[in-house]
2 protein chains.
Amino acid sequence: MSLEQDILAGNQLLAERNRGWFAGRDVFAVNLMSSPGAGKTSILERTIRDLRGRDIPISVLEGDQATSADAERIRAAGAAAVQINTGTGCHLDAHMVAHGVAQLALAPGSILLIENVGNLVCPALFDLGEEARVVVTSVTEGDDKPLKYPHMFRTADMLLINKLDLLPHVRFDVERCIDHARQVNPQLQVLLLSAETGEGMPAWYDWLTAQRALVMSPA
Amino acid sequence: MSLEQDILAGNQLLAERNRGWFAGRDVFAVNLMSSPGAGKTSILERTIRDLRGRDIPISVLEGDQATSADAERIRAAGAAAVQINTGTGCHLDAHMVAHGVAQLALAPGSILLIENVGNLVCPALFDLGEEARVVVTSVTEGDDKPLKYPHMFRTADMLLINKLDLLPHVRFDVERCIDHARQVNPQLQVLLLSAETGEGMPAWYDWLTAQRALVMSPA
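Since we're looking at a predicted model, the values are computed, not measured.

J.: It is not clear to me how the overall build of chain A should be interpreted in this structure. Could you clarify?
T.: The secondary structure content of chain A amounts to eight helices and seven strands. In terms of overall size, chain A behaves like a compact globule, its C-alpha atoms giving a radius of gyration of 17 Å where 219 residues would be expected to give roughly 17 Å. Principal-axis analysis of the C-alpha atoms places the extent of chain A at approximately 50 × 45 × 35 Å. Looking at the 219 residues of chain A, the share that counts as buried comes to 59%.

This is how it looks when you write it as structure tokens:
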């Protein structure tokens, strides 16, 4: 559909501009995507609390159709946050991110965590200019999601399988989920964790800080 | 955005045509919507099994980006099913439903259950010509979803709160969820259930069969 192509091409230009700005400012930008309720905000809250004292500035852009509840949770956890409300919109786009970033005073060396609208479909198609794409799924959602929503998993760099604490109570085969995800994206990295109990979170922090180090200019 | 309005207006014409066809055939059509993994397919499987023997023909349209896994689950449960794959598309539209219906030999008096793409955002905007709109949420998703995705809850007739069996293991305030849902839609009906254990399912069957009776022509 040429209409869709036009919208995506317009977004791509702005995404590249964002990418340049992030690189120029030594900012590591991560696009977090998932179904509603997979636990993106809880992961961010715990990440911000646990990385405090490591001298890494963290800021957050919060995408939601409505409410500023998530930005308030992030600020309570101790990071700067800007809420973007999309109204009827189903995803963040590069233009919204540029506006959100303009309201954040991002220090060089920052990690910018962009929490997309909870949606396993549309955000997959929109580049925000991020350096890394992270998809979160939870063990309560079923292990078939990577095959049923392939575009999201195909474009991601990292899959976080969240809510490990609920694994004893649900039918979810971790190996099967990972196998499905790697069928659509053989390069996909995978971490298992629980934002509730903290299990598995240190490996996520290691990945985040190592990836950030890669984008920093030589001192 | 006039572009969005054009697409929606085009869809509306086809939706009204579907609505007329359903009324003419005495078919009760239900549009089921939710986040990915909230349990729509599990609810349908159990519904089909439990309503067997009640002499109500049930057919299913299954919407997914990819795979025909859900249609196979429905057929295994004992109902006719047609799978619609949307590719990169984020929702079913009235045109897809018309095509799917053409492949189902719907008997007069049928219930047609249309399982939309797992997405709490986009399907809210697209009328399929259904008689009733049902949104499914699960207790693992958090009780804030009605406020964060208001369009979906505003346009629904019925809210099913699923996975009641997991309630002891998660932080989810049922009354708070219902209160949030009624803030955006005071007329919304609500049922609590578990497709896993069967708890609460009979009230759902009562609603479904009573609503079906309302659309049937006098004998």
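What follows picks up the thread again.
J.: Explain the packing of aromatic side chains to me, please; I cannot follow it from the model alone.
T.: Note on aromatic pairs: each is described by the distance of the centres and the angle between the planes. According to the stated counting rule, one finds six aromatic pairs over all chains in the structure shown. On the basis of an interplanar angle of 80 degrees and a centroid distance of 6.1 Å, the ring pair of W21 of chain A and F22 of chain A is categorised as edge-to-face.

J.: Where do I start with the relation of the copies chain A and chain B in this structure?
T.: Related by rotation about an axis and a shift along that axis, the two copies of the chain form a pair. After a rotation of 180 degrees and a shift along the axis of 0.0 Å, chain A superposes on chain B with an RMSD of 0.0 Å. The relationship between the two copies is best expressed as a two-fold rotation axis. Of the interface residues in chain A, 100% have counterparts in chain B that sit at the interface too, so the contact is made through matching surfaces.

J.: Help me out: how do you make sense of the environment of K145 of chain A in this one?
T.: Checked against the element boundaries, K145 of chain A lands in helix 5 (residues 145-148). Residue classification places K145 of chain A among the buried positions, given a relative accessible area of 5%. Sequence-distant contacts of K145 of chain A, defined by excluding residues within four places in its chain, comprise L120 and F153 of chain A together with P36 and G37 of chain B.

J.: Could you clarify how one ought to interpret the environment of E130 of chain A in this entry?
T.: Residues and elements named next belong to chain A. One can find E130 in the loop between strand 4 (111-115) and strand 5 (132-138). Separated by 36 residues in the primary sequence, E130 and A94 place their C-alpha atoms 9.3 Å from one another. Non-local contacts of E130, meaning those with residues more than four positions away in its chain, are made with R19, A29, V30 and N31. Side chain to side chain, E130 and R133 meet in a polar contact 2.5 Å long.

J.: Help me out: how do you make sense of the side chain of R212 of chain B in this one?
T.: Note that R212 of chain B resides in helix 8 (residues 201-215). One buried charged residue, R212 of chain B, remains without a salt bridge, the closest side chain of opposite sign being D55 of chain B at 7.0 Å.

J.: When you look at the sheet that holds strand 3 (residues 80-85) of chain A in this model, what are you seeing that I'm missing?
T.: Either a parallel or an antiparallel arrangement is found when strands of a sheet pair, and the pairing is made through backbone hydrogen bonds. Residue and element names in this part refer to chain A. An order of 3-2-4-1-5-6-7 is seen for the seven strands of this open sheet, with the pairing classed as parallel. Only two strands of the sheet have a single partner each, and these edge strands are strand 3 and strand 7 (189-192). Pairs of neighbouring strands in the sheet enclose a mean axial angle of 20 degrees, with direction left out of account. The sheet contact formed by strand 2 (residues 58-64) and strand 4 spans five bridges and is parallel. Looking at strand 4, one finds that V60 is bridged to L113. Strands strand 1 (28-34), strand 2, strand 4, strand 5 and strand 6 (158-162) of the sheet are contacted by helix 2 (residues 40-51), whose axis makes an angle of about 170 degrees with strand 2. Docked against the sheet, helix 7 (residues 174-184) engages strand 5, strand 6 and strand 7, running at close to 160 degrees with respect to strand 7.

J.: I would appreciate a short explanation of the confidence of the model for chain A in the present structure.
T.: Low-confidence regions, as indicated by low pLDDT, have predicted coordinates that should not be scrutinised in detail. Per-chain confidence: chain A averages 95 in pLDDT, with 99% of residues scoring 70 or above. Both scores are given for the predicted complex: the pTM is 0.90, the ipTM 0.84.

J.: Help me understand the interface of chain A and chain B in this model?
T.: With 38 residues of chain A at the contact, the number on the chain B side is 38 residues. Summed over both partners, the interface of chain A with chain B comes to about 3000 Å²; 57% of that surface belongs to carbon and sulfur atoms. On the chain A side of the interface with chain B, the three residues burying the most area are P36, Q65 and K148 of chain A, jointly 20% of the side's total. Where chain A packs against chain B, one counts six salt bridges. Its salt-bridge partner being E196 of chain A, residue R171 of chain B comes within 2.5 Å of it at the nearest N-O pair.

J.: Help me understand unusual backbone geometry in this model?
T.: Peptide bonds are mostly trans, and most non-glycine residues show a negative phi. Phi angles above zero are rare outside glycine, and D26 of chain A is one such case at about 55 degrees. A relative accessible area of 14% places D26 of chain A in the buried class.

J.: Would you mind showing me how to read the sheet that holds strand 2 (residues 58-64) of chain B here?
T.: All names here are of chain B. Strand order across the open sheet formed by seven strands is 3-2-4-1-5-6-7, with parallel pairing between neighbours. The outermost strands of the open sheet, each flanked by one partner alone, are strand 3 (80-85) and strand 7 (189-192). Strand after strand, the sheet turns through a mean of 20 degrees between neighbouring axes, direction not considered. Its contacts with the sheet place helix 8 against strand 1 (28-34), strand 4 (111-115), strand 5 (132-138), strand 6 (158-162) and strand 7, and it is angled at close to 140 degrees to strand 1.

J.: In this structure, what is going on with the pairing of strand 7 of chain B? I would like to understand it.
T.: Looking along a regular strand, one sees the side chains alternate between the two faces of the sheet. All names here are of chain B. Pairing geometry for strand 6 and strand 7, over four bridges, is parallel. Bridge pairing in strand 7 links M158 to Q189. What joins strand 6 to strand 7 is helix 7 (residues 174-184), and the crossover it makes is right-handed.

J.: Would you mind going over the side chain of S59 of chain A with me for this structure?
T.: All names here are of chain A. Within the secondary structure, S59 sits in strand 2. With a relative accessible area of 8%, S59 lands in the buried category. Not counting residues within four places of it along the chain, the set of residues in contact with S59 comprises A80, L104, L106, I111, L112 and L113.

The rules behind each value
- Residues numbered from 1 in each chain as written.
- Chains lettered and ligands numbered in written order.
- Predicted model: local features only at pLDDT ≥ 70, side-chain atom pairs only at ≥ 80, totals over all residues.
- Heavy atoms only, no water.
- Helix = DSSP H or I, 4+ residues; strand = E, 2+ residues; numbered from the N terminus.
- Rg over C-alpha atoms; globule rule 2.2 N^0.38 Å.
- Buried < 20%, exposed > 50% of the residue type's maximum accessible area, 1.4 Å probe, protein only.
- Phe/Tyr/Trp six-rings, centres within 6.5 Å; stacked < 30°, edge-to-face > 60°.
- Least-squares fit on C-alpha atoms with pLDDT ≥ 70 in both.
- Contact = heavy atoms within 4.5 Å.
- Polar contact = N/O pair within 3.5 Å; in protein donor to acceptor, adjacent residues only side chain to side chain.
- Lys, Arg positive; Asp, Glu negative; His and termini not counted.
- Salt bridge = Lys/Arg side-chain N within 4 Å of Asp/Glu carboxyl O.
- Pairing = 2+ DSSP bridges.
- Axes fitted to C-alpha atoms, helices over the stretch in contact; angles between N-to-C directions.
- pLDDT = per-residue confidence, 0-100.
- Buried area = accessible area lost by both parts, 1.4 Å probe.
- Right-handed = clockwise from strand over helix to strand, strands pointing away.

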